[in-house]
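Structural overview
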Amino acid sequence: MDVWSWARGSRFVMGIVAVGLVGSGLAVGATTAAAEPVAPRPPVVVFAENFENGQGSAITWVNRYVGAAPLGQTYTADPVWLASCNGIIASELNQATDPPGAGCGGWWPRVKDLAGVLGDWADGSGATNHAVTAYTHTDPGAGRTQLQSTAPIPISAPNRFIAFSVDVAEQNCYGQHTKYAFYLLDGATAIPASTRPIAPCEDATTVINGTAVGTFHSDAPVLFAGTSLGLRLVNQQPSGNGNDSAFDNVRVLDVTPQVGIAFDPNPVEVGKTSNLTLTVTNTTELSAKAGWSFTLALPPGLTQAPTVATTCAGTTFTPVAGAFSATGTLPAGAESCTITLPVRAARTGTYTSCGGDFAPLVGLNPPGCATLKVVGPTLAYAAHAHGVRVSTLLGPLPPLAPADLTCTTTPTTDSATLATASVLGSTSALVDTATGTTDPDGLRTAHATSHTAVVNLLAGLITADELHSEAIAATTPTGAITVSGSSGLTNLRVAGVPVIPKVNLNLTIPLVGSITTDEQIPGPNGITVNALHVRLLAGTDLVVGQTTASLGTPCLG
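Rules and cut-offs
- Residues numbered from 1 in each chain as written.
- Predicted model: local features only at pLDDT ≥ 70, side-chain atom pairs only at ≥ 80, totals over all residues.
- Heavy atoms only, no water.
- Helix = DSSP H or I, 4+ residues; strand = E, 2+ residues; numbered from the N terminus.
- Contact = heavy atoms within 4.5 Å.
- Core = buried A, V, L, I, M, F, W, Y, C linked by side-chain atoms within 4.5 Å.
- Buried < 20%, exposed > 50% of the residue type's maximum accessible area, 1.4 Å probe, protein only.
- Pairing = 2+ DSSP bridges.
- Salt bridge = Lys/Arg side-chain N within 4 Å of Asp/Glu carboxyl O.
- Disulfide = S-S within 2.5 Å.

What follows deals with the environment of Gly-349. Tracing the chain through its elements places Gly-349 in strand β26 (residues 349-353). As a C-alpha pair, Gly-349 and Ser-426 span 77 residues in sequence and 49 Å in three-dimensional space. For Gly-349, the residues in contact, after removing those within four places along its chain, are Leu-372, Lys-373, Val-374 and Asp-441.

By size, the foremost hydrophobic cluster in this structure holds 36 residues, and its most contacted members are Leu-276, Leu-278, Trp-292, Phe-294, Leu-296, Ile-339 and Phe-358. Looking at this core element by element, the count peaks at 5 residues for strand β25 (residues 336-345). Leave out the neighbours within four places in its chain, and Leu-278 touches Val-259, Gly-260, Ile-261, Phe-294, Leu-296, Cys-337, Thr-338, Ile-339 and Phe-358. Residues Tyr-65, Leu-71, Ala-151 and Ala-212 belong to the second largest nonpolar core, which totals 33 residues.

Here strand β40 (residues 505-509) runs beside strand β41 (residues 513-523); their pairing, made up of 5 bridges, is antiparallel. By the bridge assignment for β41, Asn-506 is matched with Thr-516. Here β40 folds back onto β41, and the loop between the two strands holds 3 residues, one of which, Leu-511, carries a positive phi near 65°. Relative to strand β42 (residues 526-536), β41 runs antiparallel, the two sharing 10 bridges.

Here the focus is the environment of Gly-226. Within the secondary structure, Gly-226 sits in the loop between β14 (222-224) and β15 (228-235). Along the chain, Gly-226 and Asn-525 lie 299 residues apart, while their C-alpha atoms are 62 Å from each other. Residues contacting Gly-226, with those up to four places away along its chain left out, are Ala-157 and Pro-158.

Under the definition given, this model contains 8 salt bridges. Here Arg-196 and Glu-202 are joined by a salt bridge, their closest N and O atoms 3.9 Å apart. A residue is classified by how much of its surface remains accessible, and Arg-196, at 26% relative accessible area, is partly exposed. The partner of Lys-272 in a salt bridge is Glu-269, with the nearest N and O atoms 3.3 Å apart. According to the relative accessible area criterion, Lys-272 is partly exposed, its value standing at 47%. Via salt bridges that share partners, Arg-196, Glu-202 and Asp-203 belong to a single interconnected network.

The next subject is the state of the cysteines. Per the stated rule, a full pass over the model turns up 4 disulfides. With its sulfur 1.9 Å from that of its partner, Cys-173 forms a disulfide with Cys-201. Torsion about the S-S bond of the Cys-173 and Cys-201 cystine: about -80°, corresponding to left-handed handedness. Here the residue Cys-173 occupies a position in the loop between β9 (160-171) and β10 (180-186), and Cys-201 occupies one in helix α3 (residues 200-203), the gap between them amounting to 28 residues. Note on Cys-173: relative accessible area 30%, which makes it partly exposed.

All quantities given are derived from atomic positions and should not be read as evidence of function.
Structure follows, in structure tokens:
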């Protein structure tokens, strides 16, 4: 993996979110939770040191410097990096000649120039900028510490990915090159944060007045379990031939990736699969993040399919009851990677996943909430209400007061009324309605009703004061279709004899025919209800108050 050299000034400001006072060491910020995947966000500055606190024209060695309040950070270094023109916090404000005892051998103007170039690079403050300098006159030896913090630097929470950045300028690139390596200190344990050292003469893309300069990141962020840490900057170059550089704006960065959660498709029909996609989004420096992990408790009622797909590296999955665990790596250079888990629900409703459902969550920022809407199946409505239907030996006649919905998936209503009808007698005040509705959960209902105020058939042989019928087909929260029907006849009389209607009650009228009350005929995903069905021996068939309702795909008519 490479060490990044970011472009000048403005590009660096865009690349890092600075929170709090530079040099305070208390700049800790939490990113805003996001449900949907987001673009890479800048790292959050946990600690920043610009070596400006209390500085002016006087000379200061880095081991005597005190950083800004409230942390007041102080630093140590190996003795070799505090002698022979090393370890001086220099500025162009300093005296023109070599400081007494500095051991710069006449190179002092070049030392000050390093600090000026770093100021110009960072924010144009070259004339007043201060930086830690090293113009080696002896061989320092490899692996010596050039800077180490002494006060613990607080971290907002455990299990964060931590990285470092620094501005470095180097001269005399014809000689041996500086090789800076960052280490995170967990107590006395030093954890490397780079896979290869920062070498400004090799890695910088900008040269100012013969000086190579850039802003560089450690390229191996550390997944840190603690809540406070220290920093160490080691120069791995053993030679004093060359190795002439300065550094400034040392930063500890929280580069923890963000998790986003989304469902697709959404909404989804009950019993069908939606993909729950977890997107792990990098921070803008795009370094590798290895070893993050989580356990996601699925919303009750949501179950996972056995197959999982991922674009993340080195990912392992562990299914557990009602939950899902994963650990993986976000590869270097990748803006994001995804884990896709097919899920389904057996009932309609809303199923919500939030950041609190990720427990434990290691090395990742939690997402906001994402809600899956599970709806009923999209079925076609068929609903018919007919006040009177007649069929003769010659065929059926058009229904009277027809209200019809046929093969439509759009919720709607049809209705019809008729004041009177004369068919084998008379009927009055026919009112018929056919409706198709969908509730907020996508559950569908086909509903047909028929109402007749007065019935007098066959010259008073069959009479009733009122008649109604109803047919309903509806989907349940599981997506199943249920049907129901009913009818009623008030004061029904046949040949003057009162009749109590019952479901599918058959009565024979001698020499005339037969009647059926509350005739219910189930069909595929539907039902037909005839309030009164008259069959004459002469071959005429009469229904008063017929309703039919069904749901289906394809349409059932």
